[in-house]
Amino acid sequence: MSTNNPLRHYTPMSHFATDHPVLLIDADAPLRELHNCLSERLSAVLKYLNLMACTSLPDYAEHDINTVTNIARIMVQDVSDVFRVIEQRGFEAPKGQ
């Protein structure tokens, strides 16, 4: 294996279920692609939460509420992780300066 780190431009996503990050964000991806990723996930989680807010669950189980909450948390964490990459790129000094 080369001493160069070919994964240096990948940023690990937050992970709570593993000791080693398995999902990575390409920090060099075009900003439009990163934005599209964010937009898709944020739109999905907002629609999901809106659906859940409008649903009546008179016989809900604690497990169901935990599942709904965990799905939303994972989706919002993905959005936060990609925003972090965009922010890091946005605040870096332009190359050549």
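Structure shown above.
Residues numbered from 1 in each chain as written. Predicted model: local features only at pLDDT ≥ 70, side-chain atom pairs only at ≥ 80, totals over all residues. Heavy atoms only, no water.

Visitor: I tried to follow the overall build of the protein chain on my own but got confused; where do I start?
Guide: Of the regular secondary structure elements, the protein chain holds two helices and two strands. When the helices and strands of the protein chain are placed in sequence order, the string is β-β-α-α. Counting over 97 residues, the protein chain shows a buried share of 15%. In the protein chain, the share of contacts with a sequence separation of at least 24, taken over all contacts with a separation of at least 6, comes to 59%. (Helix = DSSP H or I, 4+ residues; strand = E, 2+ residues; numbered from the N terminus. Buried < 20%, exposed > 50% of the residue type's maximum accessible area, 1.4 Å probe, protein only. Contact = heavy atoms within 4.5 Å.)

Visitor: Looking at this structure, I do not really get the environment of Asp-28. What am I missing?
Guide: Positionally, Asp-28 belongs in the loop between β2 (24-26) and α1 (31-53). Leave out the neighbours within four places in its chain, and Asp-28 touches His-9 and Arg-89.

Visitor: I would appreciate a short explanation of the side chain of Thr-11 in the present structure.
Guide: The topology assignment puts Thr-11 in strand β1 (residues 10-12). If sequence neighbours within four positions are ignored, Thr-11 has contacts with Leu-23, Leu-24, Ile-25, Ala-27, Arg-84 and Val-85.

Visitor: For this particular structure, what's the right way to read the environment of Val-68?
Guide: Tracing the sequence through the fold places Val-68 in helix α2 (residues 62-91). Among residues more than four places away in sequence, those in contact with Val-68 are Tyr-48 and Met-52.

Visitor: So what exactly am I meant to see when it comes to the nonpolar core here?
Guide: The tendency in soluble globular proteins is for nonpolar side chains to be buried as a group. Met-13, Ile-25, Ala-27, Ala-29, Leu-34, Leu-38, Val-79, Val-82 and Val-85 together form the largest nonpolar core, which totals nine residues. The element contributing the most residues to this core is α2, with three residues. Excluding anything up to four places from it in sequence, Ile-25 contacts His-9, Tyr-10, Thr-11, Met-13, Leu-34, Asp-81, Val-82 and Val-85. (Core = buried A, V, L, I, M, F, W, Y, C linked by side-chain atoms within 4.5 Å.)

Visitor: I would appreciate a short explanation of α1 in the present structure.
Guide: Because an α-helix completes one turn every 3.6 residues, residues spaced three or four positions apart along the sequence face the same direction. Given a rise of 1.5 Å per residue, 23 residues ought to cover 33 Å, and the 32 Å separating the end C-alpha atoms of α1 matches this to within 8%. Taken residue by residue, α1 has Leu-34, Leu-38 and Val-45 as its buried positions. (Expected span 1.5 Å × (residues − 1).)

Visitor: Whenever I open this one, the pattern of salt bridges confuses me. Can you help?
Guide: A side chain with one charge can pair with a side chain of the opposite charge if their charged atoms come near. By the definition in use, this model includes three salt bridges. Here Glu-40 ties to Arg-41 by a salt bridge, and the two come within 3.8 Å at their closest N and O atoms. For Arg-41, a relative accessible area of 25% translates into the label partly exposed. As a salt-bridge pair, Arg-84 and Asp-81 come within 3.2 Å of each other at their nearest N and O atoms. Of this pair, Arg-84 and Asp-81 both sit in helix α2, three residues apart, roughly one helical turn. Residues joined in a network through salt bridges with shared partners are Glu-40, Arg-41 and Asp-78. (Salt bridge = Lys/Arg side-chain N within 4 Å of Asp/Glu carboxyl O.)

The analysis is restricted to geometry; functional conclusions fall outside its scope.
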